[in-house]
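What follows is each chain in one-letter form.
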Amino acid sequence: MSELLLSAQNLVKRFGGLAAVNGVSVDLHRGRIHAVIGPNGAGKSTLTNLLSGDLPTTSGQIRLNGQDITGLSPERISRQGLGRSYQKTNIFLPFTVRENVRLAAQSRERHAPFNPLHWFSAATHMAEANRRCERALELAGLTARAGSVAAATSHGEQRQLEIAMTLATEPTVLLLDEPLAGMGAAEAETMVALLHRLKAEHAIMLVEHDMDAVFALADVLTVMVNGQVIASGTPEQIRNDEGVQAAYLGE
Ligand code: ADP
Ligand code: MG
């Protein structure tokens, strides 16, 4: 019933003597939001970077849609269906919301391997990129703001735009690192509703500090401390886990 889209086994990432990620396994299923929580320095961003290929693993294996992607470049991994948002934005502020999303939609073609048939079909590719762009704008709730210059949009809308840019490549798996960071209550509510809508079609890994949002959204929670998983389970199980309370939630 629930389709396993990404499976990581025993991931290890060492920075010199420090094991920032130390034997972490994680499974992401379509239709589920898998939240990863833990104190600062726990290894959450490093884990995200390993899954996206932005950092090479020291050891371990990652499978995406049934294929081994361990050691592939971020571009290859993106083309195989993994989308991630970055904590640091890559929005081009002088462009409109739509132009930013269209650039993201076109980037998938730019990285595609050379295929002589593409030479005949530039117009088809433009139409295809436009279709992905409009769909991403709509999914992210930005259609009405698409004509606005990105610099003139609110902080919350810029975070929605980052999600739209990620959606423009039509990923099946989404890795979101703190999408609610710096948001006020109303913006956070909009983002929570957006993530809730997205989970029907995607497998989502959500790294987030906002515990209200995490417990409102997560189907599965993994708690990391010092590079290791100390607990994994449903929100109910995590809430009642004494080890988690001692190590983290009770702080
Ligand atoms: P989190 O996202 O949970 O706050 P990080 O994954 O950013 O944690 O960091 C985990 C640990 O790895 C921290 O101790 C951090 O200082 C260290 N670390 C992260 N990136 C690097 C790097 N590029 N080089 C060396 N140490 C790093
Ligand atoms: Mg982090």
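Residues numbered from 1 in each chain as written. Chains lettered and ligands numbered in written order. Predicted model: local features only at pLDDT ≥ 70, side-chain atom pairs only at ≥ 80, totals over all residues.

Q: Please clarify how the site of ligand 1 should be interpreted in this entry.
A: The immediate surroundings of ligand 1 are formed by Phe-15, Leu-18, Ala-20, Gly-38, Asn-40, Gly-41, Ala-42, Gly-43, Lys-44, Ser-45 and Thr-46. Contributing elements (two or more residues each) for the shell around ligand 1: strand 2 (18-29) and helix 1 (44-52). If one sorts the elements of the shell around ligand 1 by residue count, helix 1 sits on top with three residues. In the shell around ligand 1, the residues fall into four nonpolar, six polar and one charged. (Near = placed C-beta within 6 Å. Helix = DSSP H or I, 4+ residues; strand = E, 2+ residues; numbered from the N terminus. Nonpolar A, V, L, I, M, F, W, Y, C, P; charged D, E, K, R; others polar.)

Q: Whenever I open this one, the environment of Arg-145 confuses me. Can you help?
A: If you trace the backbone, Arg-145 turns up in the loop between helix 4 (122-139) and helix 5 (155-167). For the pair Arg-145 and Leu-194, spaced 49 residues apart in the sequence, the C-alpha separation amounts to 15 Å. Setting aside its immediate chain neighbours within four residues, Arg-145 contacts Val-97, Thr-153 and Glu-157. (Contact = placed C-beta atoms within 7 Å.)

Q: What is the right way to read the packing of helix 5 against helix 6 (residues 185-198) from this model?
A: Helix-helix packing is described using two parameters, namely the angle between the two axes and the distance between the axes. Two elements in contact, helix 5 and helix 6, have axes whose closest approach is 9 Å; the angle formed by their N-to-C orientations is 20°. Comparing the axis directions of helix 5 and helix 6 gives the class roughly parallel. Helix 5 and helix 6 meet at a crossing whose hand is right-handed. Only Glu-187, Thr-190, Met-191 and Leu-194 of helix 6 make contact with helix 5, whose side of the interface consists of His-155, Gly-156, Arg-159, Gln-160 and Ile-163. Split by residue class, the contact of helix 5 with helix 6 holds three nonpolar, four polar and two charged. (Axes fitted to C-alpha atoms, helices over the stretch in contact; angles between N-to-C directions. Parallel < 35°, antiparallel > 145°, perpendicular 65-115°, else oblique. Left-handed = near helix turned anticlockwise from the far one by under 90°.)

Q: How should the sheet that holds strand 3 (residues 33-37) be read in this particular structure?
A: Within a sheet, each strand pairs with its neighbour through backbone hydrogen bonds, oriented either parallel or antiparallel. What the six strands build is an open sheet, ordered 6-7-8-3-9-10; its pairing is mixed. The open sheet terminates on both sides in strands that have one partner only, identified here as strand 6 (82-84) and strand 10 (228-233). When strand polarity is set aside, the average angle formed by the axes of neighbouring strands in this sheet is 15°. In terms of strand pairing, strand 9 (residues 220-225) meets strand 10 through five bridges, oriented antiparallel. Across the sheet, Val-223 pairs through a bridge with Ala-231, a residue of strand 10. Each of strand 3, strand 6, strand 7 (173-177), strand 8 (203-207) and strand 9 touches helix 1; the most contacted strand, strand 7, lies at about 150° to it. (Pairing = 2+ DSSP bridges.)

Q: How should the domain arrangement of the chain be read in this particular structure?
A: Reports of interface size often rely on the accessible area that becomes lost once the parts have come together. Entries for the chain in the domain assignment read domain 1 (1-81 + 171-251) and domain 2 (90-170). On a C-alpha basis, the centres of domain 1 and domain 2 stand 25 Å from each other. Contacts between domain 1 and domain 2 engage 13 residues on the former and 13 residues on the latter. If you list the elements that add at least two residues to the side of domain 1 that touches domain 2, you get helix 2 (74-79) and helix 6. It is helix 6 that contributes the most residues to the side of domain 1 that touches domain 2, five residues altogether. Looking at the side of domain 1 that touches domain 2, its residues break down into seven nonpolar, three polar and three charged. (Domains from an automatic or database assignment.)

Q: Whenever I open this one, helix 4 confuses me. Can you help?
A: Three or four residues apart is the spacing at which side chains of an α-helix point the same way, because the helix has 3.6 residues per turn. End to end, helix 4 covers 26 Å across 18 residues, agreeing with the expected 26 Å (1.5 Å per residue, within 8%). Listed as buried for helix 4 are Ala-129, Arg-132, Cys-133, Ala-136 and Leu-137. In a view along the axis of helix 4, the buried residues occupy a sector of 135°, so they form one face of it. With respect to the buried face of helix 4, the exposed residues turned more than 90 degrees away are Ala-123, Thr-124, Ala-127 and Arg-131. (Expected span 1.5 Å × (residues − 1). Buried ≥ 20, exposed ≤ 12 C-beta atoms within 10 Å, placed from the backbone. Arc of directions from axis to C-beta.)

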